[in-house]
Amino acid sequence: MSDAEWAVVRPLLPVPGWLRGRGGQPEAYCHRAILDAIRYLVDNGTKWRAMSADFPPWDRVYAFFRRWRDHGLVREFHDRLRRRVREKAGRDPEPSAGVIDSQSIKADAVVGSDSRGFDGGKLINGRKRHVVVDTLGLLLAVMVTAADAGDRAAAQVLLAQVAAAHHLLALVWADGGYTGSLVEYCLTGLALVLAIVKRSDDMRGFVVLPKRWIVERFLCATRRSVCIPGSAGRNSEGGSWAE
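Rules behind the numbers
- Residues numbered from 1 in each chain as written.
- Predicted model: local features only at pLDDT ≥ 70, side-chain atom pairs only at ≥ 80, totals over all residues.
- Heavy atoms only, no water.
- Helix = DSSP H or I, 4+ residues; strand = E, 2+ residues; numbered from the N terminus.
- Buried < 20%, exposed > 50% of the residue type's maximum accessible area, 1.4 Å probe, protein only.
- Phe/Tyr/Trp six-rings, centres within 6.5 Å; stacked < 30°, edge-to-face > 60°.
- Lys NZ or Arg CZ within 6 Å of the ring centre and 35° of its normal.
- pLDDT = per-residue confidence, 0-100.
- Contact = heavy atoms within 4.5 Å.
- Axes fitted to C-alpha atoms, helices over the stretch in contact; angles between N-to-C directions.
- Parallel < 35°, antiparallel > 145°, perpendicular 65-115°, else oblique.
- Left-handed = near helix turned anticlockwise from the far one by under 90°.
- Nonpolar A, V, L, I, M, F, W, Y, C, P; charged D, E, K, R; others polar.
- Core = buried A, V, L, I, M, F, W, Y, C linked by side-chain atoms within 4.5 Å.
- Lys, Arg positive; Asp, Glu negative; His and termini not counted.
- Salt bridge = Lys/Arg side-chain N within 4 Å of Asp/Glu carboxyl O.
- Polar contact = N/O pair within 3.5 Å; in protein donor to acceptor, adjacent residues only side chain to side chain.
- Pairing = 2+ DSSP bridges.

What to know about the overall build of the protein
The number of helices and strands found in the protein is 7 helices and 6 strands. Listing every helix and strand of the protein by position from the N terminus yields α-α-α-α-β-β-β-β-α-β-α-β-α. Here the protein, with 243 residues, has 39% of them falling under the buried criterion.

Following this line, the structure appears as structure tokens:
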């Protein structure tokens, strides 16, 4: 991270117990170096044990990450940064509208058969990530399933989580795969309007559709195998393979 980035990030990180008078020994590694190592791993899609020697030992980096993840600090850290970005863009910190979509990704050989599936529509054997983003394309929620999971069934769970976490959310755009009973469920059960943006039958080739291009851009930018906490299929170092 640059010095300017670190100046923004540092106040958002948890304060070590020994600095709050709770005892214990001072930590041996700077949080800035730990975060740089985690960002390196995510950006390059490497394993924990393949961490570059320029960073602290991989097991110490993973120990920090696991502790932050298990206490919900990774999600909190991400959400605080998202709110700051929205405020800087002149938006309300909490979104009132979002976009939902899914993407099937071919699974690597290391992904167990019990956590993958076959997407008949895309002809992909692997996993599927379901995401909800705000109108700036910033992530609100993500869920990873086997690729044979239905979009509407997964969306029912994911949208319930998003509605519970973001009380101002009132409108979500989606494609034609989310039609049917899900629209009524969102309205009556979650107080959400699920607006379907359909592609016209006479369209040919690539066409940018209103609102849907926001989540498509997000999926395009994040299309690679990464280690994501909380998803199915844990690897040998305790991480979880998203695809």
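Some thoughts on the packing of aromatic side chains
Aromatic rings considered in pairs are described by the distance between their centres and by the relative angle of their planes. Applying the stated criterion to the full structure yields 4 aromatic pairs. Taking the centre distance of 5.8 Å and the plane angle of 75 degrees together, the rings of Phe64 and Trp68 count as edge-to-face. Within this pair, Phe64 and its partner Trp68 are both found in helix α3 (residues 58–70), separated by 4 residues, close to a single helical turn. Phe64 sits in the buried class, given a relative accessible area of 4%. Over the face of the ring belonging to Phe64 we find Arg67, whose NZ or CZ atom lies 5.0 Å from the ring centre.

What about the confidence of the model for the protein?
Per-residue pLDDT for the protein averages 84, and the proportion of residues at 70 or more is 84%. Below pLDDT 50 for its whole length, residues 224–243 participates in 58 contacts with residues either more than four positions away or in separate chains.

Details of the packing of helix α5 (residues 151–165) against helix α6 (residues 181–189)
Packing of α5 against α6 leaves a shortest axis separation of 10 Å and a crossing angle of 15 degrees. Classified by the angle between their axes, α5 and α6 sit roughly parallel to one another. Like other packed secondary-structure pairs, α5 and α6 cross with a definite hand, here right-handed. Counted together, Arg152, Ala155, Gln156, Leu159 and Ala160 of α5 and Leu182, Tyr185 and Cys186 of α6 form the full contact between these two elements. Looking at the contact of α5 with α6 residue by residue, the class counts come to 6 nonpolar, 1 polar and 1 charged.

Quick notes on the environment of Leu136
As for its position among the elements, Leu136 is in the loop between β3 (124–134) and β4 (139–146). For Leu136 and Arg91, which are 45 residues apart along the polypeptide, the C-alpha to C-alpha distance reads 9.5 Å. In this structure, Leu136 is in contact with Arg86, Ala89, Arg91, Ile214 and Arg217, ignoring residues within four places of it in sequence.

Focus: unusual backbone geometry
The phi dihedral of Leu123 is positive, around 55 degrees, even though this residue is not glycine. Position of Leu123 relative to the elements: it lies in the loop between β2 (117–119) and β3. Residue class for Leu123 comes out exposed when judged on its relative accessible area of 64%. Here Ala191, not a glycine, exhibits a phi torsion of approximately 55 degrees, which is positive. Here Ala191 shows up in the loop between α6 and β6 (193–196).

Some details on the nonpolar core
By size, the foremost hydrophobic cluster in this structure holds 20 residues, and its most contacted members are Ile100, Leu159 and Leu194. Of all the secondary-structure elements, those providing two or more residues to this core are β4, α5, β5 (171–174) and α6. It is α5 that contributes the most residues to this core, 6 residues altogether. For Leu194, the residues in contact, after removing those within four places along its chain, are Leu159, Val172, Ala174, Tyr178, Leu182, Val183 and Cys186. Val9, Trp48, Phe65 and Phe77 belong to the second largest nonpolar core, which has 17 residues in total.

Considering the side chain of Arg127
You can see Arg127 is positioned in strand β3. Here Arg127 is buried and forms no salt bridge, its nearest opposite-charge partner Asp114 lying at an N-O distance of 6.2 Å. A distance of 2.4 Å separates the side chain of Arg127 from the side chain of Ser115, its partner in a polar contact.

Section: the pairing of β3
Among the 11 residues that make up β3, 10 are buried, leaving the element largely enclosed by the rest of the structure. Pairing analysis gives 9 bridges linking strand β1 (residues 97–106) to β3, with the strands arranged antiparallel. Its bridge partner being in β3, Lys106 is matched across the sheet by Gly126. Examined bridge by bridge, β2 and β3 share 3 bridges and lie antiparallel to one another. Bridging from a neighbouring strand, Asp119 pairs with Ile124 of β3. Counting the residues that bridge the hairpin from β2 to β3 gives 4 residues, and of these Leu123 lies at a positive phi of roughly 55 degrees. As defined by bridge partners, β3 adjoins β4 across 7 bridges and the pair is classed as antiparallel. When the sheet's bridge partners are listed, His130 is paired in β4 with Met143. Following β3, the chain reverses through 4 residues before pairing antiparallel with β4; Gly137 in that reversal takes a positive phi of roughly 85 degrees.

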